[in-house]
Amino acid sequence: MSWTTSLGGHSYSFADLRELLAKATPLRSGDVLAGVAAESAAERVAAQTVLADLPLAHLLDEAVVPYEDDDVTRLIMDGHDAAAFAPVRSLTVGGFRDWLLSWEADTAALTALAPGLTPEMAAAVSKLMRVGDLVAVARKTRVVTGLRTTIGLEGRLATRLQPNHPTDDAVGITASLVDGLLHGAGDAVVGINPATDRPSTVRALLDLIDDARQRLDAPIQSCVLTHVTTTLELLEQGAPVDLVFQSVAGTQAANRGFGVTLDELAEAHAAALALDRGTVGSNVTYFETGQGSALSADAHHGVDQQTLEARAYAVCRRFDPLLVNTVVGFIGPEYLYDGKQILRAGLEDHLCGKLLGVPMGVDVCYTNHAEADSDDTDTLLLTLGAAGCGFVITVPGGDDIMLNYQSLSFQDVLQVRQTLGLRPAPEFEAWLGSVGLLDDAGRVPQLVPEPIKALMS
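Because the structure is predicted, anything quoted here is derived from the model rather than measured.

A. Here's a closer look at the UniProt feature "binding site: substrate" (unreviewed entry) in the protein. Mapped onto the present numbering, the UniProt feature "binding site: substrate" (unreviewed entry) falls at Arg 160, Leu 161, Gln 162, Asn 193, Glu 288 and Asp 363. Annotated residues from the preceding list that form part of the lining of the largest pocket: these are Arg 160, Gln 162, Asn 193, Glu 288 and Asp 363. Along the chain, the position of Gln 162 falls in the loop between β5 (158-161) and α11 (170-182). For Gln 162, a relative accessible area of 1% corresponds to the buried category. If near-sequence neighbours (up to four positions away) are discounted, Gln 162 is found in contact with Gly 191, Asn 193, Ile 393, Thr 394, Val 395, Pro 396, Asp 400, Leu 403 and Tyr 405. Relative to the helices and strands, Glu 288 resides in strand β9 (residues 285-289). Those residues in contact with Glu 288, other than ones at most four positions away along the chain, are Arg 160, Leu 225, Phe 245, Gln 246, Ser 247, Val 248, Asn 325, Val 327 and Ile 393. A distance of 3.0 Å separates a polar atom in the side chain of Glu 288 from a polar atom in the side chain of Arg 160.

Right under this line is the structure:
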């Protein structure tokens, strides 16, 4: 099916849904690099006008990546819940936007709708939204998960404590871990990106975090962000694996580039569930995504990067995750050129994931060669806080010395919690109070409590 429309005396044609979605996307450098972006602002408006009038149900009839060629497409189509979709089936994409902004679309209605939405529907409607719309709809969309802490509750903002070290040095990692705990970070996960995927190193890091957890009696979950096949090997050895991690993307070919299949994810998910390590829930997977990953793997099929990002959330949704985060500025300016594009992408990703029933967080970050700075991260953090984001990633000083990119510091989250009246996850908040790391007013003390001193020794 193709579409033609006129705007300002010019005629614009869109050959298929893939082209229509791409050219309706707000400008970003990755789509320009892929050759799929609108050639002008006028063409973008023309595409958005056509998209607004497109029946929402059409996105069930035309796949942007062929069903027979792609297991992610098959996952999306075969798992679609027609009954959940029924309340909005008669709407256009523009009408769906209006409904999402209405009083009728409350938290309960959005939760019930999630199994009936496809990633393409979420991506399409987000392309018609302003920043304020992305915040308003995401704020009333709740996805709550748990393992040892409960993530996603209203009025809460959790953090991943990321104590990376360029040589996986135990002392350096422990110092960063203690620094984070002293600032009230770590309620989403203590998650280390290892410098090497060697199983013995990963096992040592898992043991390090689990030992700290037990010595402090802290309600935290750990994750060493190694490849899923390494995690499977360690699970067979009896390692203390709380969360199975994997980077995933929105096409079968892109996931092949990550060296992973849906069957391997299912195997690891089942193995981690069998350990039964949770206390308040049983969500045992953690996924990272990011706009541009499929393009960088030459596996994008001519689809715009934001639609492909939303398709990655269908993979995540299949495995009932505790956490999913988009590393929104990590891949670089080739895909998101500046702070404005990073802001827009972070809010789009956050909304689309939550609409699909995925527990979304964001790595508010940028690479050193991007046209972005700490003012841009402050802006995105504040808007995500207002939008009800489940968690963000924090590193010492906001500078990841192993991955060489800029993220949020522990202090940044303390500030946004205070500014917006947000709190840590409830189980972690109670523990912080019990060890003297949080006073009755929700403030972090300046003196180091005795239990933390003992860990430091």
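Still to come is the rest of the account.
B. Inspection of unusual backbone geometry at higher detail. Positive phi outside glycine occurs at Asp 168, with the angle close to 55°. Tracing the backbone shows Asp 168 in the loop between β5 and α11. The class of Asp 168 is buried, set by a relative accessible area of 11%.

C. Fine view of the side chain of Asn 255. Along the polypeptide, Asn 255 turns up in helix α14 (residues 252-257). Residue contacts for Asn 255: discarding those within four places in its chain leaves Val 72, Val 248, Ala 249, Val 260 and Val 315.

D. Just the UniProt feature "binding site: adenosylcob(III)alamin" (unreviewed entry) in the protein, in detail. In this structure's numbering, the residues bearing the UniProt feature "binding site: adenosylcob(III)alamin" (unreviewed entry) are Pro 194, Gln 246, Ser 296 and Met 402. Lining of the largest pocket among the annotated residues: Pro 194 and Gln 246. Secondary-structure assignment places Gln 246 in strand β8 (residues 244-247). Taking the relative accessible area as the measure of exposure, Gln 246 reaches 4% and is therefore buried. Non-local contacts of Gln 246, meaning those with residues more than four positions away in its chain, are made with His 227, Val 228, Phe 258, Val 260, Leu 265, Tyr 286, Phe 287 and Glu 288. Looking at where Met 402 falls in the secondary structure, it is placed in the loop between β13 (399-400) and β14 (405-406). Leaving out residues up to four positions away in the same chain, Met 402 has contacts with Asn 164, His 165, Pro 166, Asn 193, Pro 194 and Ala 195.

E. Seen up close, helix α7 (residues 93-100). Those residues of α7 that fall on the buried side of the exposure criterion are Val 93, Gly 94, Phe 96, Trp 99 and Leu 100. Where α7 is buried, its residues touch α3 (41-52), α4 (58-61), α8 (107-113), α9 (119-126), α10 (131-139) and α18 (339-355).

F. Up close: the pattern of salt bridges. Enumeration over the complete set of coordinates arrives at 21 salt bridges. Note that Arg 97 is salt-bridged to Asp 133, the shortest N-O span being 2.9 Å. Of this pair, Arg 97 sits in helix α7 while Asp 133 sits in helix α10; the two residues are 36 residues apart in sequence, bridging distant segments of the chain. We classify Asp 133 as buried; its relative accessible area is 13%. A salt bridge links Arg 156 to Glu 429; its shortest N-O distance comes to 2.8 Å. Of the two residues, Arg 156 is situated in the loop between β4 (150-151) and β5 and Glu 429 in helix α21 (residues 426-434); the sequence distance between them amounts to 273 residues.

Parameters at a glance
- Along every chain, residues carry numbers that run from 1 in the direction the sequence is written.
- Only residues with pLDDT of at least 70 are given local features in this predicted model, and only at 80 or more are side-chain atom pairs given and counted; all residues enter the totals for whole chains, interfaces and linings.
- Excluded from the side-chain calculations are hydrogens and water; all other atoms, namely the structure's heavy atoms, are used.
- UniProt positions are given in the numbering used here, feature names are shortened, and annotations may be inferred rather than shown by experiment.
- Only protein atoms enter the 1 Å grid used here, on which a cavity is any set of points holding a 1.4 Å probe that cannot leave and a pocket is any open set flanked by protein within 12 Å on both sides along at least five of seven lines; residues with an atom within 4 Å of a point are listed as lining.
- Working definition: helices are DSSP H or I runs of at least four residues, strands are E runs of at least two. Numbering for both runs from the N terminus.
- Think of it in three bands: residues with accessible area under 20% of the maximum for their type are buried, residues over 50% are exposed, and the middle band is partly exposed, with areas taken using a 1.4 Å probe on protein chains only.
- Two residues qualify as a contact provided that any one of their heavy atoms is within 4.5 Å of a heavy atom in the partner residue.
- The term polar contact refers here to a pair of N or O atoms within 3.5 Å; inside protein, the definition further demands a hydrogen-donor-capable atom paired with an acceptor-capable atom, and it admits residues adjacent in sequence only when both atoms are side-chain atoms.
- One speaks of a salt bridge when a side-chain nitrogen belonging to Lys or Arg is within 4 Å of a carboxyl oxygen belonging to Asp or Glu.

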